[in-house]
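Fold and geometry: a report
Below are the chains, spelled out letter by letter.
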Protein chains: 2
Amino acid sequence: MLKKDKGLLIVLSGPAGVGKGTVCNALRGVNDRISYSVSATTRSPREGEQEGVNYFYKTKEVFEEMIANDELLEWAKYVDNYYGTPLHYVKEQLREGQDIILEIEVQGAAKVKEKYPDGVFIFLAPPNLDELRKRIEGRGTEDSDLINQRMNVAKAEIEMMAQYDYVVENDQVDNAVSKVQTIIDAEHLRQERVIDYYRNLVEGSE
Amino acid sequence: MLKKDKGLLIVLSGPAGVGKGTVCNALRGVNDRISYSVSATTRSPREGEQEGVNYFYKTKEVFEEMIANDELLEWAKYVDNYYGTPLHYVKEQLREGQDIILEIEVQGAAKVKEKYPDGVFIFLAPPNLDELRKRIEGRGTEDSDLINQRMNVAKAEIEMMAQYDYVVENDQVDNAVSKVQTIIDAEHLRQERVIDYYRNLVEGSE
């Protein structure tokens, strides 16, 4: 197959606990053509972890320099350690035509979108929005405080959703993985991703 | 499965002779959830043709009234007969959540895009752009007039492409059908097509 476009940056995000990691790992099992982004961190390597495979290990000073130099697609600090996605590493892979997937929290995804709007932003949604609907329809049969509480969570989730290109409900991991795969396949067929290939083909000949 | 959005209007177009009809018929064989748009025409019904199945048969006066009243998504005149797509019929099916596919010439597709920009516009590309590349790479081994002529055709095709959402190369009918199907599946997962469903769900409960 001809390599017609650069790789896709696929950003899989969604509310905490929705199963992003599970879906991402399952996708890894069925699609070996996708790279998984390697993060930089100031955390110490654990037994068996490898530089450039699990993480790029950096000192605090180096990491803060990377932040200052805008060398990270996104970053966050958890429990005194920095974690972030090196822009250079991602861009290099994309340029080589390699798809790369980033599994990331909603706040990080928003930052990535600012820096790389060409990414494919997939929101993994909890399946309980459908359950919620059923409860609403059978209103009166359940504690209304509980319904209201769920409703507020659902509202917040829907407003997160608006920043994404696609919504995939994680009702079953296999279904969700197959939908993510379908999205990746379709995105490779998007006109704006392939037209330059055709244009270069024709113009390179003059 | 829940019906989360209205149907998709899928417009399959491309240069003359690229195989739009073949791909469309093959798609019909594997996907029975897609409706095929029924055109209106002033042509007389042929033996065995049925009103509302093959065409909606109209008199010239009625058809011209439909044009005047802007009741057609697109229309054209071939050999003294009008052909066109009734807007009302298409909108009704979409509202019912029915996907509908329109196999149409490039000029017609451009008109549809003006009236219904939410459609999914797929450009079926001839596979010979790849062949062309090979010939360019082996330049000098073939008549350069022929190469230039093909190049001009290719350039015109690429500029048509720019108006579409997706490009599918019709290298083999089965491949092309499967790509069109992938695009349809992915489009149903697009955030802007499903978010209103979620919003209504939550807001309908207040």
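Owing to the predicted nature of the structure, the values given are computational and were not obtained by experimental measurement.

**A few points about the overall build of chain A**
- Scanning chain A from N- to C-terminus turns up eight helices and nine strands.
- The buried share of chain A, taken over its 206 residues, is 48%.
- For chain A, the proportion of contacts with a sequence separation of at least 24, taken over those separated by at least 6, is 67%.
- Accessible area of chain A: about 10800 Å², with a carbon and sulfur share of 45%.

**Quick look at helix 7 (residues 173-187) of chain B**
- Look at helix 7 of chain B: 21 Å from first C-alpha to last across 15 residues, which is about the 21 Å you get at 1.5 Å a residue.
- Within helix 7 of chain B, the full set of buried residues consists of B:Ala176, B:Val177, B:Val180, B:Gln181, B:Thr182, B:Ile183, B:Ile184, B:Ala186 and B:Glu187.

**Here we look at the sheet that holds strand 5 (residues 72-78) of chain B**
Residues and elements named next belong to chain B.
- Here we have four strands laid out as an open sheet, ordered 4-3-6-5, and mixed in their pairing. The open sheet is flanked by strand 4 (55-57) and strand 5, the only strands paired with a single partner. Averaged over all adjacent pairs, the angle separating strand axes in this sheet is 25 degrees, with direction ignored.
- Where strand 3 (residues 39-41) lies against strand 6 (residues 81-86), two bridges are found, and the strand directions are antiparallel. Across the sheet, the residue bridging to Ala 40 is Gly 84, located in strand 6.

**Focus on the UniProt feature "binding site: ATP" (unreviewed entry) in chain A**
Residue and element names in this part refer to chain A.
- Using the residue numbers shown here, the UniProt feature "binding site: ATP" (unreviewed entry) corresponds to Gly 14, Pro 15, Ala 16, Gly 17, Val 18, Gly 19, Lys 20 and Gly 21.
- Position of Gly 14 relative to the elements: it lies in the loop between strand 1 (9-13) and helix 1 (20-30).
- Its relative accessible area of 0% is what places Gly 14 among the buried residues.
- Turning to its location among the elements, Val 18 is positioned in the loop between strand 1 and helix 1.
- Once residues within four sequence positions are removed from consideration, Val 18 is found in contact with Leu 124, Ala 125, Pro 126 and Asn 170.

**Digging into the packing of helix 7 (residues 173-187) of chain A against helix 7 of chain B**
- As a packed pair, helix 7 of chain A and helix 7 of chain B sit with axes 8 Å apart at the nearest point and diverge in direction by 120 degrees. When the axes of helix 7 of chain A and helix 7 of chain B are compared, the pair comes out oblique. Classified by chirality, the crossing of helix 7 of chain B by helix 7 of chain A is left-handed. On helix 7 of chain B, the residues touching A:Thr182, A:Ile183, A:Asp185 and A:Ala186 of helix 7 of chain A are B:Thr182, B:Ile183, B:Asp185 and B:Ala186.

**Observations regarding the side chain of A:Gln191**
- Topologically, A:Gln191 is positioned in helix 8 (residues 191-203).
- What A:Gln191 contacts, discounting residues up to four positions off in sequence, is B:Met161, B:Ala162, B:Tyr164, B:Asp165, B:Tyr166 and B:Val167.

**Some thoughts on the packing of helix 8 of chain A against helix 6 (residues 144-161) of chain B**
- The geometry of helix 8 of chain A relative to helix 6 of chain B is characterised by a closest axis approach of 10 Å and an angle of 160 degrees between their N-to-C directions. On the basis of the axis angle, helix 8 of chain A is roughly antiparallel to helix 6 of chain B. Helix 6 of chain B is crossed by helix 8 of chain A, and the crossing has left-handed handedness. Contact residues: helix 8 of chain A offers A:Gln191, A:Ile195, A:Tyr198, A:Arg199 and A:Val202, while helix 6 of chain B offers B:Met151, B:Ala154, B:Lys155, B:Ile158, B:Glu159 and B:Met161.
- Of the residues assigned to the contact of helix 8 of chain A with helix 6 of chain B, the class counts are seven nonpolar, one polar and three charged.

**What to know about the packing of aromatic side chains**
Residue and element names in this part refer to chain A.
- All chains considered together, the criterion is met by 16 aromatic pairs over all chains.
- Consider the rings of Phe 56 and Tyr 89, whose centres lie 5.3 Å apart with planes at 70 degrees: the pair is edge-to-face. Taken together, the residues span a long stretch of sequence, with Phe 56 in strand 4 (residues 55-57) and Tyr 89 in helix 3 (residues 87-95) at a distance of 33 residues.
- The class for Phe 56 is buried, based on a relative accessible area of 17%.
- For the pair Phe 63 and Tyr 82, a centre-to-centre distance of 4.9 Å together with 5 degrees between the ring planes defines the contact as stacked. Separated by 19 residues along the polypeptide, Phe 63 in helix 2 (residues 60-68) and Tyr 82 in strand 6 (residues 81-86) bring together distant segments of the chain. Of the two residues, Phe 63 and Tyr 82, both sit in the buried class.
- Ring-pair connections join several aromatic residues into one group, and the members of that group are Tyr 55, Tyr 57, Tyr 78 and Tyr 83.
- Positioned above the aromatic ring of Tyr 36, the side-chain terminus of Arg 28 is 4.0 Å from the ring centre.
- Across the ring face of Trp 75, the terminal group of Lys 111 is positioned such that the distance to the ring centre comes to 5.4 Å.

**Observations concerning the pattern of salt bridges**
- Within this structure, the stated rule accounts for 15 salt bridges over all chains.
- Here A:Glu187 makes a salt bridge to A:Arg193, at a shortest N to O gap of 2.9 Å.
- For A:Glu187, a relative accessible area of 4% gives the class buried.
- The salt bridge involving B:Glu159 is made with A:Arg199; its shortest N-O contact spans 3.1 Å. Here A:Arg199 lies in helix 8 and B:Glu159 lies in helix 6, a pairing that spans two chains.
- A residue is classified by how much of its surface remains accessible, and B:Glu159, at 42% relative accessible area, is partly exposed.
- On the basis of relative accessibility, which here comes to 26%, the residue A:Arg199 falls in the partly exposed class.

Rules used throughout
Residues numbered from 1 in each chain as written. Chains lettered and ligands numbered in written order. Predicted model: local features only at pLDDT ≥ 70, side-chain atom pairs only at ≥ 80, totals over all residues. Heavy atoms only, no water. Helix = DSSP H or I, 4+ residues; strand = E, 2+ residues; numbered from the N terminus. Buried < 20%, exposed > 50% of the residue type's maximum accessible area, 1.4 Å probe, protein only. Contact = heavy atoms within 4.5 Å. Areas by Shrake-Rupley, 256 points an atom, 1.4 Å probe, with all protein chains shown as cover. Expected span 1.5 Å × (residues − 1). Pairing = 2+ DSSP bridges. Axes fitted to C-alpha atoms, helices over the stretch in contact; angles between N-to-C directions. UniProt positions renumbered as here; feature names shortened; annotations may be inferred. Parallel < 35°, antiparallel > 145°, perpendicular 65-115°, else oblique. Left-handed = near helix turned anticlockwise from the far one by under 90°. Nonpolar A, V, L, I, M, F, W, Y, C, P; charged D, E, K, R; others polar. Phe/Tyr/Trp six-rings, centres within 6.5 Å; stacked < 30°, edge-to-face > 60°. Lys NZ or Arg CZ within 6 Å of the ring centre and 35° of its normal. Salt bridge = Lys/Arg side-chain N within 4 Å of Asp/Glu carboxyl O.

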